[in-house]
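Survey of secondary and tertiary structure
Single-letter residue listing:
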Amino acid sequence: MTLPLASVSSEKKKKPSLLLTFSAVAVLITGGIAAVWFFTQGKPLVRSLPIGATVIPQDAVFTVSLTTDVQQWDSLREFGTKQLQTELDRNLIALRDRFLSRYGFDFQQHVQPWVGDGVTFAVLAPPKPAEGSSPSINDTAINPQPLLVVLPIKNPQAGEKILTQMQTVSAKTWRDTPAESLRDRTYGNVKIKEATNKNGEELAIAIVDGGKYVVMSDESQAINQVIDAQQQQTTINKLPGFADNFTKIASYQPFAQFYLNIPSSAQLISGLPNRQLPAQVLGQLQNHQGLVGTVLVEPEGVRLKAASWLKPNSRRTLAVENNAATMAKRVPAQTMMLWSGSNLRRLWTDYVATSQGNSLAPINPEQLRKDFKSLTNLELERDFLSWMGGEFALSIVPASSNNDFRAALLFMVQVRDRPKADAAMKKLDEAMSTQYQLKIEKTTVANQELTRWFSPFGTLTASHGWMDNNVKFITMGAPITDIILPATPNPLAQTSLYQTAVPSPFNPGNSNFFLDVERLAKNFPLPPLFPNQQSLLAATSTIGISTNINDNRSIQYEALIRLRKTDKPSPLPTPMETLKLE
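Residues numbered from 1 in each chain as written. Predicted model: local features only at pLDDT ≥ 70, side-chain atom pairs only at ≥ 80, totals over all residues. Heavy atoms only, no water.

**Describing the overall build of the protein chain**
- Helix and strand content of the protein chain: 19 helices and 20 strands.
- Within the span of the protein chain, comprising 582 residues, buried residues form 52% of the whole.
- In the protein chain, the share of contacts with a sequence separation of at least 24, taken over all contacts with a separation of at least 6, comes to 70%.
- Here the protein chain displays about 27,800 Å² of accessible surface, and carbon together with sulfur accounts for 54% of that area. (Helix = DSSP H or I, 4+ residues; strand = E, 2+ residues; numbered from the N terminus. Buried < 20%, exposed > 50% of the residue type's maximum accessible area, 1.4 Å probe, protein only. Contact = heavy atoms within 4.5 Å. Areas by Shrake-Rupley, 256 points an atom, 1.4 Å probe, with all protein chains shown as cover.)

What follows is the structure, encoded as C-alpha cells:
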C-alpha cells in the first residue's frame, strides 16, 4: 500500500523510497489524511498514546495517527484559499481512492462495520540485508521502507472473519492472480493472510495484540517485525521517554499524533544517494531519541503541541533556562516579527558545538567570526557575545512615517556587564567612522543617550542606545527610536493579535516567535522558497511558537498557525462519482 499518485503499471516497478526530510514527512501526513478520509464514522479519539503504539516496532522511522471525527475533517477543509482548498481536495480524492479501491475494498461494505476510532500509519526501517550479503549505498532505494497500517477493531470476535474477507476481496480484485499467490502462513503463532498479484504487488494482513488490531503492509516481512516487537516487548511505547513525553502534550480529541525517530531517520537519509549527512551530524543526532506531537484543529487554525528528548545516556544535556518574558512588552504594537530567547551567549555556544563539521549548517561559525572581524576589526565572542548573557530579541518594526526604508531591524539584549558593553559599542562606533566614513552623532531621547549612524549622503542607517539600565538596543533601517523610546504605551504583548497568535502555556518559556504573515507578505516581496508558497501565505494570518526547556534532556513546544476560512467546501465525491468525472 504505497502512496504515489501515479497509476499502477502493468509491469512490476520498484517502490519509491520515502525520504524523511521535512517535505517527505509532510507528504506522508497528507497521504495519511487522504487514506483515512473514509474512516469517518467512528467516535472522536480520546487517548494519550497513539493507536497501535503497543504493536509498532521501536525501529519505526515515523508514525502518524489520525482521528476519525468527521467534524474535525470538515473544519480542516474550511481553512485556506479556494485555490489551496481545491489542491488539497484533489490530493485527498486521489490518495483516498488508491488506499481502498486499489485492493478492491469498499469502506461502507468491508471496513466500516469493524473499524475502531482511528488509524495509524508507520514507516518501518528498511529490511536488513540478507545474512552474508554486502550492504550497498543503494540498498534503501532497492528495498524501500515498508509502510504499515494499523486499524483498531471495534469487535475483537470478528477478527478471523475480517482476515478472510479482506483476502477474498483482494483476490477478486486481482482476477488473474494465480491460486498459489493467495497464501496462509503462521509466524509466532499469529495467522497471516497474503496475496500477490501478477505485478508483484503484495498485501499482508494479520490480527495482533489479542485481536485488538488489524495490521496491513505491502511488505510481508513488516508483519513479522510487528509480531516480533510485540512478543519481545520492543514496541515504541516501551521506548524511554516515549510515554512520558506524549503525556506532556496529551489533548482531548486530537486531530493527529505523530512520532519521529530522530537517529533512525538520520541514518535512513544518510543511506540515500546524494543525501549523505556528515559524520559529525550523524554522531550528534545519535544523542537524540525522538520528537512527538499532537495536532489540534481549532476555530482559529491549527495548533501543534510537541516535545523532543535526548537519550537517557546521551553525553549532551540541556541547560534549563526559561527567561523569555519581557521583550514583547518592549516593542510597539505594529511589530511584524518578533523572535525572543533566554540567553544569546548560550544559544551561540550551543550552535557552535552542534554545527562544527556540519556542511549543512546555515551559518558557518568560523566564517562568521572572520567576516565580523573583517568588517569591524572586533572579536565577535570576546567583544560582543561575552556581555550578551541575558534575554534577547530580534524584531521587524515598520517605519512610523515615509522613509528610505520600509521597516527597521531591531535587536535588543539584556546586558550582564554594562561597562563592557559600552566599551564595545564605542569601538564599533570608531570602526564605522574610520572604515566606512559614517557620521556618528550622539543625542538624548527620553533621558537616554542615543547614538546615530549617518551615511556619507546624510541618510540615517542605524542607531543604538539603552532602553533602561540593562537592555541595549540596536536598530538598522528606518528610524524608529521615536516609537520605542520612552517605553511604548501600546506594546505588542498587549495586542489581541499577539495574545491570540502566540501560545502561552509556559510562563515564562525559553523562546517565543511571532510572525504577522499577512502584513509581512504585503510589505515585502518574498523569494520563492517552497511549492504553492503564495497560496499558503494567502491562507495564513499569523504564526506563533513558544518553547520551554522541561529538564536537562527534554524540550516542549507549542505553535498556533492562524488560518483564514473560505466558503464551506462541498463534500468530496465518492469513488464512483470520481470515476464518472474522469
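**Some remarks on a nonpolar patch on the surface**
- On the surface, Leu-529, Phe-530 and Leu-536 cluster together into a nonpolar patch covering about 300 Å² of accessible area.
- Mapped onto the elements of the fold, Leu-529 is located in the loop between α17 (517-523) and α18 (533-539). (Patch = residues over 30% accessible without salt bridge, like charges linked within 9 Å, V, L, I, M, F, W, Y side chains within 5 Å. Salt bridge = Lys/Arg side-chain N within 4 Å of Asp/Glu carboxyl O.)

**Details of the packing of helix α12 (residues 365-376) against helix α14 (residues 418-436)**
- Packing of α12 against α14 brings their axes to within 9 Å, and their N-to-C directions diverge by 70°. For the element pair α12 / α14, the angle class is roughly perpendicular. Contact residues: α12 offers Ser-374, Leu-375 and Thr-376, while α14 offers Leu-428, Ala-431, Met-432, Gln-435 and Tyr-436. (Axes fitted to C-alpha atoms, helices over the stretch in contact; angles between N-to-C directions. Parallel < 35°, antiparallel > 145°, perpendicular 65-115°, else oblique.)

**Focus on the environment of Thr-54**
- By secondary structure assignment, the location of Thr-54 is in the loop between α1 (22-35) and β1 (62-67).
- Sequence separation of Thr-54 and Gln-230 is 176 residues, and the distance between their C-alpha atoms is 6.9 Å.
- Excluding residues that lie within four positions of it along the chain, Thr-54 makes contacts with Asp-209, Tyr-213, Gln-230, Thr-235 and Asn-237.
- A polar side-chain atom of Thr-54 sits 3.0 Å from a polar atom in the side chain of Asp-209. (Polar contact = N/O pair within 3.5 Å; in protein donor to acceptor, adjacent residues only side chain to side chain.)

**A word on the pattern of salt bridges**
- Scanning the model with the defined rule gives 19 salt bridges in all.
- For Lys-373, the salt bridge identified is with Glu-379, shortest N-O distance 3.2 Å.
- The exposure class of Lys-373 is partly exposed, given its relative accessible area of 33%.
- Linking Arg-519 and Asp-516 is a salt bridge whose minimum nitrogen-to-oxygen distance equals 3.7 Å.
- Shared partners join several salt bridges into a network, and the residues in it are Arg-183, Arg-185 and Glu-194.

**Focus: the pairing of strand β10 (residues 301-310)**
- Counting buried positions over the ten residues of β10 gives eight, a clear majority of the element.
- Taken together, the ten bridges between strand β9 (residues 288-298) and β10 define a ladder with antiparallel strand orientation. From the neighbouring strand, Thr-294 faces β10, where its bridge partner is Lys-305.
- Between β9 and the antiparallel strand that follows it, β10, lie two residues. (Pairing = 2+ DSSP bridges.)

**Looking at the packing of aromatic side chains**
- Enumeration according to the criterion identifies eight aromatic pairs in this entry.
- Ring plane angle 65° and centroid distance 5.1 Å describe the contact between Phe-242 and Phe-246, whose orientation is recorded as edge-to-face. Here Phe-242 and its partner Phe-246 are both found in helix α8 (residues 242-248), four residues apart, which amounts to about one turn of the helix.
- Ring centres of Phe-384 and Trp-387 lie 5.9 Å apart, and the angle between their planes is 40°; this geometry places the pair in the tilted category. Accessibility classification places Phe-384 together with Trp-387 in one group, the buried group.
- Ring pairs connect the aromatic residues Phe-242, Phe-246 and Tyr-259, which therefore count as one cluster. (Phe/Tyr/Trp six-rings, centres within 6.5 Å; stacked < 30°, edge-to-face > 60°.)

**Digging into the side chain of Thr-540**
- The topology assignment puts Thr-540 in strand β19 (residues 540-551).
- Within the local environment of Thr-540, its side chain forms a polar contact with the backbone oxygen of Leu-536, the two atoms lying 2.8 Å apart.
- When near neighbours in sequence (up to four residues on either side) are disregarded, Thr-540 contacts Val-517, Glu-518, Ile-561, Arg-562, Leu-563 and Arg-564.

**Topic: α12**
- Between its first and last C-alpha, α12 extends 16 Å over twelve residues, near the 16 Å set by a 1.5 Å rise per residue.
- Residues of α12 that are buried: Pro-365, Phe-372 and Thr-376. Viewed along the axis of α12, the buried residues span an arc of 25°, placing them on a single side of the element. Exposed and facing more than 90 degrees away from the buried side of α12 are Lys-370 and Ser-374.
- Contacts made by the buried residues of α12 are with α11 (344-355), α13 (380-384) and α14.
- Two residues or fewer past α12, Asn-377 is found with a positive phi of approximately 65°. (Expected span 1.5 Å × (residues − 1). Arc of directions from axis to C-beta.)

**Quick notes on the pairing of strand β8 (residues 256-261)**
- A large share of β8 lies buried, amounting to six of its six residues.
- By the alternation rule, side chains of β8 split into Ala-256, Phe-258 and Leu-260 and Gln-257, Tyr-259 and Asn-261, which are all buried.
- The pairing of β1 with β8 spans five bridges and is antiparallel. Among the inter-strand pairings, Val-64 is bridged to a residue of β8, identified as Phe-258.

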